[in-house]
Amino acid sequence: MKATSPMVLFRCPHCHAPLPEFTGGEGGHVCSQCGTTIEAVEGIPLLVRDRQRIVQAIQAAREDGRAAWYDQPQDIQLSGPYRHHIAKRIAYVKQVLTRHIDGLGRVPIALDLGCGDGNNLAWLGDLPVTLMASDYNLNRLLRARRRAPGIRLFMADVTDYPMLDDSLDIIFFNHVLEHIPDDTAALREVYRILRPGGLLVLGVPNEGAFFWRLAYRLQPSVRANSDHLHFYTASVLEGKCRECGFIVQETHALGWGLPHWTLDALVRRWKWVDDLFETVGKRLFPTQATSLYLILRKPDD
Ligand SMILES: [Zn+2]
């Protein structure tokens, strides 16, 4: 079902009927079609069909000793050893988005899909876009709320997304796909909610590459504790995206390092090392970068 007006973007997570009166926020919202109440916590609507299933999955991970996947604050990315690499990622994506927005000539609706603790909301929010963000982890959404109080946040399941078809101009889907069991279902859902001609910026680790498979082999404990379910190469991921209907506009590799997790984190905390690896790696090992960004378009109608 298509979005009927620019303001009606959301659909009921239970019956998929459009939610024309839905404004989000406190107090919940009753779906006029199926009568289900959509609850909200601290102003964050829970737009998921089965919240208990998500709560149980997180609880199971906690009991399994994998609580960090869900609970550990993500600020470390901005201050930790990979901060120079993260800055390069942001600079690249900013430039891609700015070029796209300039070409549109209007204020687009953009979504940070799987926003986590909201690390990217500040710089995304500085772009001339109407920004929204979702995650399926309420703990992370509450942290994101504190970090970016003005941005519309909601809880959502990426494989059954609470938005109507063709709703968004831009989707930033950053280091999320490798965590999702049915990644193809997620990509199909992203395709559905993107407007024709819309832009998807898809970032993943390049962990299918030889360097990073080697790093995991050298440190099997890192592999055992990783919450990654997929280990993509550029060509595998491009193939998946094309299967889902996307046009691959550009595949950008960035970040080079040593194929050993501990050593890599040790040396890349220095900017000059990260810069040097970038220059040398790009030339000598072009397929072995740490990160991939795919710039994808949904074909025009
Ligand atoms: Zn409903």
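Just above, that's the structure.
No experiment lies behind these values; they were computed from the predicted model shown.

Asks: Which residues make up the nonpolar core, and what values do they have?
Replies: Ranked by internal contacts, the top residues of the largest apolar core, which has 40 residues, are Phe-173, Leu-177 and Leu-202. Of all the secondary-structure elements, those providing two or more residues to this core are strand E5 (109-113), strand E8 (168-174), helix H7 (183-193), strand E9 (194-205), helix H10 (234-243) and strand E11 (291-297). Those residues in contact with Phe-173, other than ones at most four positions away along the chain, are Leu-113, Val-158, Ile-180, Val-190, Leu-200, Val-201, Leu-202 and Gly-203. Core analysis: the next-biggest nonpolar cluster, separate from the first, contains 38 residues, Ala-61, Tyr-70, Ile-90 and Ala-148 among them.

Asks: Can you lay out the coordination of the zinc ion for me, pointing to particular residues and giving the numbers?
Replies: Around the zinc ion, the protein supplies Cys-12 (SG), Cys-15 (SG), Cys-31 (SG) and Cys-34 (SG) as donor atoms, at distances of 2.3 Å. Between the four donor atoms coordinating the zinc ion, the angles at the centre fall across 105 to 113 degrees, so the site counts as tetrahedral. Within one chain, the residues serving as donors to the zinc ion are arranged as C-x2-C-x15-C-x2-C. Here the residue Cys-15 occupies a position in the segment before strand E1 (29-30), and Cys-31 occupies one in the loop between E1 and strand E2 (37-38), the gap between them amounting to 16 residues. Judged by relative accessible area, Cys-15 falls into the partly exposed class, the value being 31%.

Asks: For the pairing of E8, give the residues involved together with the corresponding values.
Replies: The side chains of a regular strand alternate, first on one face of the sheet and then on the other. Burial runs high along E8: seven of the seven residues are buried. Note: E5 against E8, three bridges, orientation parallel. Bridged to Asp-112 within E8 is Phe-172. Across six bridges, E8 lies against E9 in parallel orientation. In the sheet register, Asn-174 faces E9, and the bridge partner there is Gly-203. Crossover handedness for the path E8 to H7 to E9: right-handed.

Rules and cut-offs
Residues numbered from 1 in each chain as written. Predicted model: local features only at pLDDT ≥ 70, side-chain atom pairs only at ≥ 80, totals over all residues. Heavy atoms only, no water. Core = buried A, V, L, I, M, F, W, Y, C linked by side-chain atoms within 4.5 Å. Buried < 20%, exposed > 50% of the residue type's maximum accessible area, 1.4 Å probe, protein only. Helix = DSSP H or I, 4+ residues; strand = E, 2+ residues; numbered from the N terminus. Contact = heavy atoms within 4.5 Å. Donors = N, O, S within 2.8 Å, 3.2 Å for Na, K, Ca; no water. Tetrahedral: all angles 85-135°; square planar, octahedral: opposite > 155°, others 65-115°. Pairing = 2+ DSSP bridges. Right-handed = clockwise from strand over helix to strand, strands pointing away.

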